[in-house]
Amino acid sequence: MRTLLSAFAALAIALPASAEDKTIVEIAAGNKDFSTLVAAVKAAGLVDTLNGPGPFTVFAPTDEAFAKLPEGTVENLLKPENKDKLVKILTYHVLKGEVKAEKVLGMNGKKVPTVQGSDITITVSGGKVMINKANVIKTDIQACNGVIHVIDTVILPPDNN
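Values in this document were obtained by computation on a predicted structure and should not be read as measured data.

1. Side note on the overall build of the protein
A count of helical and extended segments in the protein gives eight helices and seven strands. Surface exposure of the protein reaches about 9,500 Å², of which carbon and sulfur atoms provide 56%.

Have a look at this one:
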């Protein structure tokens, strides 16, 4: 029995951790399609928060989504003097709690509050889900502290100034 347990322990050490053992930030950092998002999360000082216990639901824009923004926008947002604006944009992509795709499908037309404080609108049509004007292109990437849904456009909070 001891030999069998030792063999399982050795196997567990040899196998890489599954995505479910990683935080939202660790999953994003391990995916080349999220390099801009990871850089933004670091610049905004949100790494510790999104590595925290959560649970969170993150609508994660890809690098291609960030590339759709006007030229120079990302570079400008990453500057230290624009940290507050960057935090507002990034936290607009985050919900408190874990909301899986199955639940999102039942939320057509609903306004949902984000961590930033403003609401996003969920639209479901023909089996496709949109968050404001962003298409959800991949769902239910499970992390140990929540779930990630991939979107094709950066969503911007309403300007409440």
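2. Some points on the confidence of the model for the protein
The predicted model of the protein has a mean per-residue pLDDT of 87, with 86% of residues at 70 or higher. Predicted confidence is poor over residues 1-17, with pLDDT under 50, and the contacts of this stretch with residues over four places away or in other chains come to one contact.

3. Topic: helix α3 (residues 35-43)
Among the residues of α3, those classed as buried are T36, L37, V38, A40 and V41. G45 sits one or two positions beyond α3 and adopts a positive phi of about 75°.

4. Topic: unusual backbone geometry
Phi is mostly negative for residues that are not glycine, and the peptide bonds are mostly trans. The omega angle of the peptide bond from G54 to P55 is 0°, so this bond is cis rather than trans. By the element assignment, P55 lies in the loop between α4 (47-50) and β1 (56-61). For N132, which is not glycine, the phi dihedral falls at a positive 55°. With respect to the secondary-structure elements, N132 resides in the loop between β5 (128-131) and β6 (134-143). Here D140, not a glycine, exhibits a phi torsion of approximately 55°, which is positive. Residue position: D140 is located in strand β6.

5. Some points on the pattern of salt bridges
Side chains that differ in sign of charge can pair as their charged atoms come close. In the structure shown here, the tally under the stated rule is two salt bridges. The closest approach of N and O atoms between K32 and D33, which form a salt bridge, is 3.6 Å. Owing to a relative accessible area of 39%, D33 belongs among the partly exposed residues under this scheme. K68 is the salt-bridge partner of D152, the closest N and O atoms lying 3.9 Å from each other. Here K68 lies in the loop between α5 (63-67) and α6 (73-77) and D152 lies in the segment after β7 (146-151), a separation of 84 residues in the sequence.

About the thresholds
- Residues numbered from 1 in each chain as written.
- Predicted model: local features only at pLDDT ≥ 70, side-chain atom pairs only at ≥ 80, totals over all residues.
- Heavy atoms only, no water.
- Helix = DSSP H or I, 4+ residues; strand = E, 2+ residues; numbered from the N terminus.
- Areas by Shrake-Rupley, 256 points an atom, 1.4 Å probe, with all protein chains shown as cover.
- pLDDT = per-residue confidence, 0-100.
- Contact = heavy atoms within 4.5 Å.
- Buried < 20%, exposed > 50% of the residue type's maximum accessible area, 1.4 Å probe, protein only.
- Salt bridge = Lys/Arg side-chain N within 4 Å of Asp/Glu carboxyl O.

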